Amino acid sequence: MDLLDLADYRRLVAELYREVRKGGPGEAAWAAWRTGRDRLFAGHPQSAVEPEARSSFTGLTYFPYDPAWRFEAEVLPLPGEAVEIGHSGAGETGFDRFGAVEFPVGDHTYRLTLFWLRGYAGGLFLPFRDATNGASTYGGGRYLLDTAKGADLGGRADRLILDFNYAYHPSCVHSPRWSCPLSPPENRLPIPIEAGERLPAVASGG
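Every residue gets a number counted from 1 within its own chain, in the order that chain's sequence is written. Since the coordinates come from a predicted model, pLDDT governs what is reported: local features require at least 70, and pairs of side-chain atoms require 80 or more to be given and counted, while whole-chain, interface and lining totals use all residues. Processing note: side-chain calculations cover all non-hydrogen atoms of the structure and skip hydrogens and water entirely.

Visitor: Give me the overall build of the protein chain: which residues, what numbers.
Guide: Secondary structure elements are defined from DSSP: runs of H or I of at least 4 residues count as helices, runs of E of at least 2 residues count as strands, and each element is numbered from the N terminus. The helix and strand inventory of the protein chain stands at 2 helices and 9 strands. Sequence-ordered secondary structure for the protein chain, helices as α and strands as β, is α-α-β-β-β-β-β-β-β-β-β. Compactness check: the protein chain gives a C-alpha radius of gyration of 17 Å against a globular reference of 17 Å for 206 residues, within 12% of the reference. Judged by the C-alpha coordinates and their principal axes, the protein chain covers about 45 × 45 × 35 Å. Here the protein chain holds 206 residues, and 46% of them are scored as buried. The contact criterion used is simple: two residues touch if any of their non-hydrogen atoms lie within 4.5 Å. A sequence separation of at least 24 residues applies to 64% of the contacts in the protein chain between residues at least 6 apart. Surface exposure of the protein chain reaches about 10400 Å², of which carbon and sulfur atoms provide 54%. For this count, His and the chain ends are skipped, Lys and Arg are scored as positive, and Asp and Glu as negative. Note that the charge is assigned to NZ on lysines, CZ on arginines, CG on aspartates and CD on glutamates. The protein chain carries 21 positive and 26 negative side-chain charges, and their two centres are separated by 2 Å. Radius of gyration: C-alpha atoms only; globule rule: 2.2 Å multiplied by the number of residues to the exponent 0.38. Burial status follows relative accessibility: with a 1.4 Å probe on protein chains alone, a residue under 20% of its type maximum counts as buried, one over 50% as exposed, and anything between as partly exposed. Residue-level accessible areas treat just the shown protein chains as cover; the underlying method is Shrake-Rupley with a 1.4 Å probe.

Set out below in structure tokens:
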């Protein structure tokens, strides 16, 4: 039954992203995606949150929506090269480097590598790190696309939608029972991307 629960969870995630693609750019589609994720985290058997913590779960935390963090980027082909990406815990996952995307921020253009999952039926994977890691976001980085799990913002022909408002933490942030692929050094950005999921603010004592 756990496998059926997992299939159901992935189906629901895929439906969330299908609604995002139908809704197009804008805060309304993003808000609906947030609501759907909170519902899954609070009550689904495959939630990344530990079962005993779900009754007190009040929702994931995000930076404010910012349309400036949405891009439509051309996919630049790279020679297929096998790479093993290490996990937050034990293990690693095999991918192929197959392309890259570039996007402008201010006067600079930044590049991220695209990976293709070698297992299952394949899937596009785009993890990244940025200057918020270890402070307002998880030190191991966040994910933007993971189509094997349904996280697909869409695109057309040789272009992909990159909307960092939809960046999210891997499951290992919510519980150590998960072991998740971490963003490799080549996808480390020197700038803060203050969009997408963030860690809850910690109240300071005094």
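Now that the structure has been shown, the text picks up again.
Visitor: Got a sec to walk through the environment of alanine 73? Specific residues and values, please.
Guide: Here alanine 73 lies in strand S2 (residues 70–86). For the pair alanine 73 and glutamate 15, spaced 58 residues apart in the sequence, the C-alpha separation amounts to 23 Å. If near-sequence neighbours (up to four positions away) are discounted, alanine 73 is found in contact with Val101, Glu102, Asp158, Arg159, Leu160 and Leu162.

Visitor: Provide a residue-level description of the pairing of strand S6 (residues 142–146), including the pertinent values.
Guide: Here S6 lies mainly inside the structure; 5 of its 5 residues are buried. Strand direction decides the pairing type here: strand S5 (residues 124–128) and S6, joined by 4 bridges, are antiparallel. Bridge pairing in S6 places proline 127 opposite tyrosine 143. A pair of strands is labelled paired if DSSP reports no fewer than 2 bridges between them.

Visitor: Any details on the layout of surface pockets? Residues and values, ideally.
Guide: The computed volume of the largest pocket comes to approximately 770 Å³. Every element with two or more residues in the lining of the largest pocket is listed here: helix H1 (2–23), helix H2 (27–43), strand S3 (92–105) and S6. No other element matches the 6 residues that H1 contributes to the lining of the largest pocket. Partitioning the lining of the largest pocket into residue classes produces 21 nonpolar, 7 polar and 4 charged. Space inside the second largest pocket adds up to approximately 160 Å³. Cavities and pockets were defined on a 1 Å grid built over protein atoms only: a cavity is a set of grid points that admits a 1.4 Å probe from which the probe cannot escape, a pocket is an open set flanked by protein on both sides within 12 Å along at least five of seven lines, and lining residues are those with an atom within 4 Å of any such point. Around the second largest pocket, the lining residues are Val49, Phe57, Gly59, Leu60, Thr61, His169, Val173, His174, Glu197, Arg198, Leu199 and Pro200. A class-by-class count of the residues in the lining of the second largest pocket yields 6 nonpolar, 4 polar and 2 charged. Grid points are joined across faces, edges and corners, and a volume is the space filled by probe spheres set on the points. Just so you know the grouping, Ala, Val, Leu, Ile, Met, Phe, Trp, Tyr, Cys and Pro go in nonpolar, Asp, Glu, Lys and Arg go in charged, and all remaining residues, Gly too, go in polar.

Visitor: Break down the nonpolar core for me, with residues and values.
Guide: We define the nonpolar core as a collection of buried residues of types Ala, Val, Leu, Ile, Met, Phe, Trp, Tyr and Cys that are connected through side-chain atoms lying within 4.5 Å of one another. Residues Leu144, Leu162 and Phe164 are the most contacted members of the largest nonpolar core, which totals 52 residues. Beyond its immediate sequence surroundings of up to four residues, leucine 144 is in contact with Leu126, Phe128, Leu153, Leu162, Asp163, Phe164, Tyr166, Ala167 and Tyr168.

Visitor: Which residues make up the sheet that holds S3, and what are the values?
Guide: Pairing within the open sheet is antiparallel, and its 7 strands lie in the order S6-S5-S4-S3-S2-S8-S7. What marks the edges here is a single partner per strand, and that holds for S6 and strand S7 (155–156). Bridging between strand S4 (residues 108–117) and S5 involves 2 bridges; their strand directions are antiparallel. When the bridges of S5 are listed, phenylalanine 115 appears paired with phenylalanine 125.

Visitor: Any details on the packing of aromatic side chains? Residues and values, ideally.
Guide: Aromatic pairs are defined between Phe, Tyr and Trp rings, using the six-membered ring for Trp, whenever the two ring centres lie within 6.5 Å; interplanar angles under 30 degrees are classed as stacked, those over 60 as edge-to-face, and all others as tilted. Per the stated rule, a full pass over the model turns up 18 aromatic pairs. Here phenylalanine 71 and phenylalanine 164 contribute two aromatic rings whose centre-to-centre distance is 6.3 Å and whose plane-to-plane angle is 75°, an arrangement assigned as edge-to-face. In this pair, phenylalanine 71 is assigned in strand S2 and phenylalanine 164 in the loop between strand S8 (159–163) and strand S9 (197–198), connecting sequence segments 93 residues apart. Each member of the pair, phenylalanine 71 as well as phenylalanine 164, is classed as buried.

Visitor: I'd like a description of H2, backed by residues and values.
Guide: With 17 residues, H2 extends 24 Å between its outermost C-alpha atoms, agreeing within 8% with the 24 Å of an ideal straight helix rising 1.5 Å per residue. Those residues of H2 that sit buried are Ala29, Trp30, Trp33, Gly36, Arg37, Asp38, Leu40 and Phe41. Taken together, the buried residues of H2 touch H1, strand S1 (61–62) and S9. Between the first and last residue of a helix there are one fewer steps than residues, each counted as 1.5 Å, and that sum is the expected span.

All quantities given are derived from atomic positions and should not be read as evidence of function.
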